[in-house]
Amino acid sequence: MNPKSLTTRWQDLPEQVIRRLQAEKLRHYLRQVVLPFSAHYRALFHQQGLAAAAIRSLDDLQRLPFSSKMDLLNTPEHPQRVRDFVLIPDRNVLAHRPTTILRALWHGRERVKNGFESEYRPIFMTSTTGRSTDPIPFLFTQHDLNHLGLAGKRLFEVCGAQREMRLMNLFPYAPHLAFWQTHYGGAAFGVFTASTGGGKVMGTEGNLRLISKIKPDVLIGMPTFIYHVLHQAAEQGMRLENLKRIVLGGEKVPDGMRRKLAHLAGELGAGETDIVATYGFTEAKMAWGECPGGGDEGPGSYHLYPDLGIFEVIDPKTGEALPPGHPGELVFTPLDARGTVVLRYRTGDFIDGGLVYEPCPLCGRSTPRLVGNISRSSEVKEMRLDKLKGTLVDFNQLEHVLDDAEHIGAWQLELRKRNNDPMEVDELVLHVHKTDGVREDKLVRDLNNRFVAKTEIHPNRIVFHDADEMRELQGVGVQLKEQKIVDNRKLSGADRVPQQPAAEASGRASESIEVAV
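Residues numbered from 1 in each chain as written. Predicted model: local features only at pLDDT ≥ 70, side-chain atom pairs only at ≥ 80, totals over all residues. Heavy atoms only, no water.

(A) Looking closely at the overall build of the chain. Secondary structure summary: the chain contains 16 helices and 22 strands in total. Among the 517 residues that make up the chain, the fraction classed as buried is 53%. A sequence separation of at least 24 residues applies to 67% of the contacts in the chain between residues at least 6 apart. Accessible surface for the chain amounts to roughly 23400 Å². Of this, 50% is attributable to carbon and sulfur atoms. (Helix = DSSP H or I, 4+ residues; strand = E, 2+ residues; numbered from the N terminus. Buried < 20%, exposed > 50% of the residue type's maximum accessible area, 1.4 Å probe, protein only. Contact = heavy atoms within 4.5 Å. Areas by Shrake-Rupley, 256 points an atom, 1.4 Å probe, with all protein chains shown as cover.)

Dropping the structure here:
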């Protein structure tokens, strides 16, 4: 089969054909693009005794070493380490390739030169958000931007967009993937897109004013910010009858958050509203969408682009590749990227339904799919709940507990030291906004029972806030990402938080409950 079929028929090829064509494309990509022009991988392959010709099937991908965020961090010994991952072409290598000579004879040298400029010259940059480390830049060439638009166009198709729709992009304006994937995807798909820049640029009120003028069919943005926008819209008595779809990215989307957003959309006069999640990360330089309208079957799966990259699911402890349908850590390898290129990148994200190749039961597309919930290893934190030992707490689970809970809207989990003493044990403070007239003591008991059922711990305190206080606490319109989990345990001395922070003092704290293991 023609290798181009991987692109022209990306959504209707069987598994065996996809895997064979991906292996062929990876082998060619390594031989012609990565190894000649990547300082990092040229040295790594030489040290490991590897060659592009060794990739005969996708199973051979396991012979390549993993990459991780740590490999990209600058160090005193390597202050420009991330530069080694940027493809820097050698003019002599390109000039002496037979294909270059033939194209120059046929089209002229100037056209060939301009083509290489478009393919290899970095002209755009996104970066990681820098929550746990310094932001890491990822460079794009025009070749990459074309792929960013193509990935966005496909994402819009998978999510059920139509050209006559009006879309509002509420992602924060920043050098981060989500905003630009939406921007370039909207342009490539050909749909009207108005970008607000999120809360930091126009504020919640500015977003609401534009929503009332545009009357969008689709809102796309981060779950927490869209929740705040829709909640405030409901408080102001706005009507959004045109709203048909809410597309979410940048954060996990638990089922409870989907239900809350659908309920708010109903309050605003919308009919049945699809809540659709996307998955993407800076290192891949693209994002993927899930099918809308899962209904009783639950959320749809994330539809992948087999011509642009390869996903593996591995055992996070052994690093061994797992069969289709098995849960594990996601690993990504690009197939046609330029600019910054990272192979076999360990995302630290875990998929509980694995990677599958069967046709999607919702849309019928035959393309690799990620099934189930995605959680992040960075949200598993150690808490010293007594003075003898530490306990690992999975905050991915706690997010599901809180988003699935009735009677609460926005929330924040705060980790801190008892009495703000760095030598004391850890405390967990839950800040919540109560959405209806349920009694606070009843809600406290229900939340504690939910915590114990999932994690065997209680919050030390539960503090109730009104909607404005919660918006301030989460940093809506101030932070690029709303703060749902805050770790204040490292603050000490002059930076130590007061025993009764302003946000807590303004709220109403339940009686103190000791953490139980």
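Read on for the rest.
(B) Up close: the sheet that holds strand β10 (residues 309-314). Spatially, β10-β11-β12-β15 is the arrangement adopted by the four strands of the open sheet, whose pairing is antiparallel. The sheet is open, and its two borders are formed by β10 and β15 (374-376), each paired with just one other strand. Each adjacent strand pair in this sheet contributes to an overall mean axis angle of 40°, direction not counted. In this structure, strand β11 (residues 328-334) lies alongside strand β12 (residues 345-351), joined through four bridges in antiparallel fashion. Residue pairing for β12: V331 is matched across the bridge by R346. (Pairing = 2+ DSSP bridges. Axes fitted to C-alpha atoms, helices over the stretch in contact; angles between N-to-C directions.)

(C) Representation of the side chain of T141 in the model. Relative to the assigned elements, T141 resides in strand β2 (residues 137-141). In this structure T141 comes out as buried when scored by relative accessible area, which is 0%. At a separation of 3.2 Å, a polar atom in the side chain of T141 contacts the main-chain amide nitrogen of H143. Filtering out sequence-adjacent residues up to four positions away, T141 remains in contact with S118, E119, Y120, R121, P122, I123, R338 and G339. (Polar contact = N/O pair within 3.5 Å; in protein donor to acceptor, adjacent residues only side chain to side chain.)

(D) The arrangement of the pattern of salt bridges in detail. Scanning all chains against the criterion turns up 31 salt bridges. Among the salt bridges present, the one from D336 reaches R338, with a minimum N-O distance of 3.1 Å. The class of R338 is buried, set by a relative accessible area of 5%. Across the pair R461 and E427 runs a salt bridge whose closest N-O atoms are separated by 3.7 Å. Taken as a pair, R461 in strand β20 (residues 461-465) and E427 in strand β19 (residues 426-434) lie far apart in primary sequence, 34 residues in all. For E427, a relative accessible area of 8% translates into the label buried. By sharing partners, the salt bridges in this structure join K417, D426, D487 and R489 into a single network. (Salt bridge = Lys/Arg side-chain N within 4 Å of Asp/Glu carboxyl O.)

(E) Here's a closer look at the sheet that holds strand β13 (residues 355-356). Overall, antiparallel pairing links the three strands, which are arranged β9-β14-β13 in an open sheet. Edge strands, defined here as strands with exactly one partner in the open sheet, are β9 (302-303) and β13. Sheet topology places β13 next to strand β14 (residues 369-370); two bridges connect them, and they run antiparallel. Among the inter-strand pairings, L355 is bridged to a residue of β14, identified as L370.

(F) Summary view of the packing of helix α6 (residues 98-107) against helix α7 (residues 109-120). Contact pair α6 / α7: the axes reach a minimum separation of 7 Å and the direction vectors enclose 130°. Between α6 and α7, the interaxial angle falls into the category oblique. Contacts from T100, R103, A104 and H107 of α6 reach α7 at R109, R111, V112 and F116. (Parallel < 35°, antiparallel > 145°, perpendicular 65-115°, else oblique.)

(G) Molecular detail of the packing of aromatic side chains. Applying the stated rule across the entire model yields 22 aromatic pairs. With a centroid separation of 5.4 Å and 80° between ring planes, the pair formed by F124 and F140 is classed as edge-to-face. With F124 in strand β1 (residues 122-127) and F140 in strand β2, this residue pair connects regions lying 16 residues apart in the sequence. Here F124 matches F140 in class, with each residue buried. One aromatic cluster in this structure is built from W10, Y279, F281, W288, Y302, Y305, F311, F332 and Y345. The ring of F189 has R163 sitting right over it, with the charged end atom 5.0 Å from the ring centre. (Phe/Tyr/Trp six-rings, centres within 6.5 Å; stacked < 30°, edge-to-face > 60°. Lys NZ or Arg CZ within 6 Å of the ring centre and 35° of its normal.)

(H) Fine view of the confidence of the model for the chain. Taken as a whole, the chain shows an average pLDDT of 88; of its residues, 90% reach a score of 70 or greater. Ranking the helices and strands of the chain by mean pLDDT puts β10 first, with 98, and helix α16 (residues 502-506) last, with 50. Here residues 492-502 is a poorly scored stretch, pLDDT under 50, and it has 14 contacts once near neighbours within four places are set aside; other chains count. Confidence drops under pLDDT 50 across residues 511-517; counting only partners more than four residues distant or on other chains, this segment forms 21 contacts. (pLDDT = per-residue confidence, 0-100.)

(I) A look at the environment of P175. By the element assignment, P175 lies in the loop between β3 (166-169) and α9 (177-189). Once residues lying within four places of it in the same chain are set aside, the contact partners of P175 are M125, T126, S127 and W180.

(J) View of the packing of helix α10 (residues 199-214) against helix α11 (residues 223-235). As a packed pair, α10 and α11 sit with axes 10 Å apart at the nearest point and diverge in direction by 45°. When the axes of α10 and α11 are compared, the pair comes out oblique. In this structure, α10 meets α11 at a crossing whose hand is right-handed. Here α10 contributes G199, T204, E205, N207, L208 and I211 to the contact with α11, which in turn contributes F225, V229, Q232 and A233. Here the contact of α10 with α11 is composed, by residue class, of five nonpolar, four polar and one charged. (Left-handed = near helix turned anticlockwise from the far one by under 90°. Nonpolar A, V, L, I, M, F, W, Y, C, P; charged D, E, K, R; others polar.)

(K) Just the side chain of R369, in detail. As for its position among the elements, R369 is in strand β14. Engagement of the side chain of R369 in a polar contact is seen with the side chain of S301, the distance being 2.8 Å. The contact partners of R369, leaving out residues within four places of it in the chain, are S301, Y302, H303, L304, G354, L355, V356, E358, P359, C360 and P361.

(L) Quick look at unusual backbone geometry. Backbone geometry at K215 places phi at a positive 55°, although glycine is not the residue there. In this fold, K215 is placed in the loop between α10 and β5 (218-221). Classification of K215 as partly exposed rests on a relative accessible area of 45%. The phi dihedral of N420 is positive, around 55°, even though this residue is not glycine.

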